[in-house]
Amino acid sequence: GTIVCKLDQDKKRKNRGYIAMLAVEKSHRKRGIGSKLVKLAVKVMIEEKADMVVLETEITNKGALSLYANLGFVRDKRLHK
């Protein structure tokens, strides 16, 4: 699996963690790999003083929505194209 994330400051000078991408090969899904990667990334961001961790996913990506909900993320808003 692969996770791409960063920690930076937002306009209000808050430390914001951002998960840009999470990918697990189809043949390796449902083994907890994605969960472990997200938990590790969040742990490191918290250790580095992140005030929040945010991410975006497609509304049609039911697997990702379920994964993030199970990890405690909450849906804040929906962006429309």
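Summarised in this report is the structure supplied together with it. In this text the structure is predicted, and so the values were computed from the model without any measurement. (Residues numbered from 1 in each chain as written. Predicted model: local features only at pLDDT ≥ 70, side-chain atom pairs only at ≥ 80, totals over all residues. Heavy atoms only, no water.)

## Regarding the overall build of the chain
Item 1. Of regular secondary structure, the chain possesses 2 helices and 3 strands.
Item 2. Each helix and strand of the chain, ordered N terminal to C terminal, gives the series β-β-α-β-α.
Item 3. Along the longest, intermediate and shortest principal axes, the C-alpha atoms of the chain span 40 × 30 × 20 Å.
Item 4. Looking at the 81 residues of the chain, the share that counts as buried comes to 17%.
Item 5. Accessible area of the chain: about 6600 Å², with a carbon and sulfur share of 51%.
Item 6. Mean positive and mean negative side-chain charge positions of the chain (19 and 9 charges, respectively) differ by 6 Å. (Helix = DSSP H or I, 4+ residues; strand = E, 2+ residues; numbered from the N terminus. Buried < 20%, exposed > 50% of the residue type's maximum accessible area, 1.4 Å probe, protein only. Areas by Shrake-Rupley, 256 points an atom, 1.4 Å probe, with all protein chains shown as cover. Lys, Arg positive; Asp, Glu negative; His and termini not counted. Charge placed at Lys NZ, Arg CZ, Asp CG, Glu CD.)

## Observations concerning the nonpolar core
Item 1. Ile19, Val38, Ala41, Val42, Met45, Ala50, Val53, Ala64, Leu67 and Tyr68 form the largest nonpolar core, which has 10 residues in total.
Item 2. Of all the secondary-structure elements, those providing two or more residues to this core are helix H1 (33-47) and helix H2 (62-70).
Item 3. Among the elements that make up this core, the one with the highest residue count is H1 (4 residues). (Core = buried A, V, L, I, M, F, W, Y, C linked by side-chain atoms within 4.5 Å.)

## Quick notes on the sheet that holds strand E1 (residues 2-9)
Item 1. Within the open sheet, the 3 strands sit side by side as E1-E2-E3. Their pairing is mixed. Only two strands of the sheet have a single neighbouring strand rather than two, namely E1 and strand E3 (52-55). Taken over all neighbouring pairs, the strand axes of this sheet differ in orientation by 25 degrees on average, direction set aside.
Item 2. In the sheet, E1 pairs with strand E2 (residues 15-23) via 8 bridges, with the strands oriented antiparallel. Residue lysine 6 lies in a different strand from E2, and its bridge partner there is tyrosine 18. (Pairing = 2+ DSSP bridges. Axes fitted to C-alpha atoms, helices over the stretch in contact; angles between N-to-C directions.)

## With respect to H1
Item 1. Its 15 residues place the ends of H1 21 Å apart at the C-alpha level, agreeing with the 21 Å of an ideal helix rising 1.5 Å per residue.
Item 2. Along H1, the residues classified as buried are Gly34, Val38, Ala41, Val42 and Met45. The buried residues of H1 occupy an angular sector of 95 degrees when the element is viewed end-on, so they sit on one face. With respect to the buried face of H1, the exposed residues turned more than 90 degrees away are Lys36, Lys39 and Leu40.
Item 3. In this fold, the buried residues of H1 make contact with E1, E2, E3 and H2.
Item 4. Downstream of H1 by one or two residues, lysine 49 has phi in the positive range, about 75 degrees. (Expected span 1.5 Å × (residues − 1). Arc of directions from axis to C-beta. Contact = heavy atoms within 4.5 Å.)

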